[in-house]
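Single-letter residue listing:
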Amino acid sequence: MKDTEVKENSKEEEPQKEAPEEPANSSSDEDEYDDIDDDEDEPMDEGDEPTTCLFCTETSPSISTAIDHLDARHKVNLSQLQRKFQMDQYSFIKLINYIRANKITAEQLISAEQALWQDEKYLKPGEYEPWLCYDYEVLKTDATPAQATVPELQQRISEQSQLLQQANEDMERMRNDYKQLLQKVHGDGEPKSSSNPVPRNNASLDNEYFKSYSHFGIHHEMLSDKVRTSTYRASLLQNEATVRGKTVLDVGCGTGILSIFASQAGAARVVGIDNSEIIYTAMDIIRKNKVENVQLIKGRLEDTDLPEAKYDIIISEWMGYFLLYESMLDSIIYAREHHLNPNGIILPSRCTLSLLGYGNDTLYAEQVEFWSDVYGVDMSCLQKRSIEEPLMEVVDAEFMLTDPEQIANFDIMTVDLNYPNFSHQFSLKVTKAGRLSAFVGYFDTLFELPSTVTFSTSPTATPTHWKQTVFFIDQPQSVKVGDVISGKITSRRHKEDVRALSVDIEVFSKKHKYMVV
């Protein structure tokens, strides 16, 4: 630029001289500069070449106009094609040559479900045309987003599913790597073994069990159960002298609420362990509430090395339907045998299981007789199934026909892994006449501490999320006050699902079989 300015200034200072005549085919330096200036002022746009349509004979003044023509006249949108088939510059070159070579119509291209132009032969140079030199990468930014077609959406869903599956596999590998790292840090890197191992389901059933506790709904149900939660809280806070300065192990800690209660009661240190994904939310809860002396660990108790080998107090809310369903008591027994200090305590300390006779004709009609006429269809073959699977329901105490009788008593300090397998001969005294159509099971929970705290799931007590367990019989029996109903109830751990129970009730000269699942 400086040289140019100097020349221009010098021209102004020097007097104008006549230039000698030159041959017609010659040009002066100034003409050369003029030619250059003209070229710079009007650059040649490579897209301004006449372009013939890919599907008809119409010629557009530029390729941009030709692209608009494709969309308006033939409904072929290159941006949509780019997204649909994940096309790059080479893919478009192949496409152009494919269309020209095979005389493809616009309709055939639009309906294509796969890129038929991927053969490398379509990269072979042919007759030049602007379509082959256009920069198709600009379509990614210049194109207006269009509504996706069904095939596009299906392809996106498929791709996202594959990415999600890959992410899940990566996460599982990360968990396994982390678990192996912890084992190397805290132990010899191998899962712990026991001379008296806890019964286990197959991996699939076990995974489903722990996954069920990853959902927030189940924790809302448990935490909103005031009987359950307030009793655990009272057992700790009303016995601060017992808890203060002690180490506490919370087995199956869930959201960490019992760990927090233990900390509030003065525990020196609390370790909570849970094998479901809820543990990560529990960690956030601990941090948010600034509970400094609680440490939470993800893992199965039987396979995990804890920060401390022994604890003064083991606490857990392990009870299931009919008390024993889920068999989480297995883990409490393991914790007692491996992680409880001498003279340590377990909370709750005792649970009892009771049975009573029940007769609510309306409930029986809704749950059992219902199947005999379902919108005019006889489905009575399902009655047997409805009886075999006990109903979990809050029953009305008004329809209790007998006194309850305790059928099992579990001292958590001494109970062994054979606890699901028991039998009891019962004699239920009838206190109210009626038609006995079921037996109802419930449990009581005791915290035997200096300040004893208990709760019951009896029909006469405040309802809990455990409700009661209703064992219907197929032939209801009329009973009168003063009668004694004699029978036998037998419970066994289920052979295929160790967390389930097989229950038999022999009464009225007949054996009724149930499965608590």
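Throughout, a residue's number is its position along its own chain's written sequence, starting from 1. Reporting of local features is limited, given that this is a predicted model, to residues whose pLDDT is at least 70; pairs of side-chain atoms are given and counted only at 80 or more, and all residues count toward the totals for whole chains, interfaces and linings. Here the side-chain values reflect all heavy atoms present in the structure, with hydrogen atoms and water set aside.

Digging into the sheet that holds strand β4 (residues 269–274)
Here comes step 1: A pair of strands is labelled paired if DSSP reports no fewer than 2 bridges between them. The helix count covers DSSP runs of H or I at least four residues long, the strand count covers runs of E at least two residues long, and both are numbered beginning at the N terminus. The strand order across the open sheet formed by five strands is β5-β4-β3-β6-β7, and the pairing between neighbours is parallel. A strand with exactly one partner marks an edge of an open sheet, and here the two such strands are β5 (294–298) and β7 (340–347). Taken pair by pair, the neighbouring strands of this sheet meet at an average axis angle of 20°, ignoring direction.
Here comes step 2: Pairing of strand β3 (residues 247–251) with β4 involves five bridges; the strand directions are parallel. Bridged to Thr247 within β4 is Arg269.
Here comes step 3: Every residue pair with non-hydrogen atoms within 4.5 Å of one another is taken to be in contact. Every axis corresponds to a line fitted to the C-alpha atoms, with the helix fit spanning only the stretch in contact, and the corresponding angles, defined between N-to-C directions, vary from 0 to 180 degrees. Taken strand by strand, helix α14 (residues 278–288) contacts β4 and β5, and its axis lies near 165° from that of β5.
Here comes step 4: Those strands touched by helix α15 (residues 329–339) are β3, β6 (311–315) and β7, and its axis lies near 155° from that of β7.

Let's talk about the side chain of Glu317
Here comes step 1: Tracing the backbone through its elements, the reader meets Glu317 in the loop between β6 and α15.
Here comes step 2: Residue classification places Glu317 among the buried residues on the basis of a relative accessible area of 10%.
Here comes step 3: Only 2.7 Å separates the side chain of Glu317 from the side chain of Arg228, close enough to count as a polar contact.
Here comes step 4: Here a polar contact means two N or O atoms within 3.5 Å. Within protein one must be a hydrogen donor candidate and the other an acceptor candidate, and residues neighboring in sequence count only if both atoms are side-chain atoms. Here Met319 takes part through its backbone nitrogen, which lies 3.4 Å from a polar atom of the side chain of Glu317. Think of it in three bands: residues with accessible area under 20% of the maximum for their type are buried, residues over 50% are exposed, and the middle band is partly exposed, with areas taken using a 1.4 Å probe on protein chains only.

Quick word on the environment of Ser372
Here comes step 1: Mapped onto the elements, Ser372 comes out in the loop between α16 (361–367) and α17 (383–388).
Here comes step 2: Exposure remark for Ser372: the relative accessible area of 39% places this residue in the partly exposed category.
Here comes step 3: Not counting residues within four places of it along the chain, the set of residues in contact with Ser372 comprises Val377, Asp378, Met379, Ser380 and Gln383.

Notes on helix α3 (residues 63–74)
Here comes step 1: Taking 1.5 Å per residue as the helical rise, α3 with its 12 residues ought to reach 16 Å, and the 15 Å between its terminal C-alpha atoms agrees with that figure.
Here comes step 2: Lining the buried residues of α3 we find β1 (51–52), β2 (59–60), α4 (78–85) and α6 (106–111). Take the number of residues in a helix, subtract one, and multiply by 1.5 Å to get its expected span.

What about the sheet that holds strand β15 (residues 484–493)?
Here comes step 1: Taken together, four strands build an open sheet; the order of strands is β11-β15-β16-β17 and the sheet is antiparallel. The open sheet has two edge strands with one neighbour each: β11 (422–429) and β17 (510–516). Here the average twist between neighbouring strands, direction ignored, is 20°.
Here comes step 2: The pairing of strand β16 (residues 501–507) with β17 spans seven bridges and is classified as antiparallel. Its bridge partner being in β17, Val507 is matched across the sheet by Lys510.

Points about unusual backbone geometry
Here comes step 1: Backbone torsion omega between Leu347 and Pro348 reads -5°, so that peptide bond is classified as cis.
Here comes step 2: Checked against the element boundaries, Pro348 lands in the loop between β7 and β8 (350–358).
Here comes step 3: The phi angle at Leu323 is positive, at roughly 65°, despite the residue not being glycine.
Here comes step 4: The exposure class assigned to Leu323 is buried, which follows from its relative accessible area of 0%.
Here comes step 5: Look at Phe508: it is not a glycine, yet its phi comes out positive at around 55°.
Here comes step 6: You can see Phe508 is positioned in the loop between β16 and β17.
Here comes step 7: Since its relative accessible area comes to 30%, Phe508 is described here as partly exposed.

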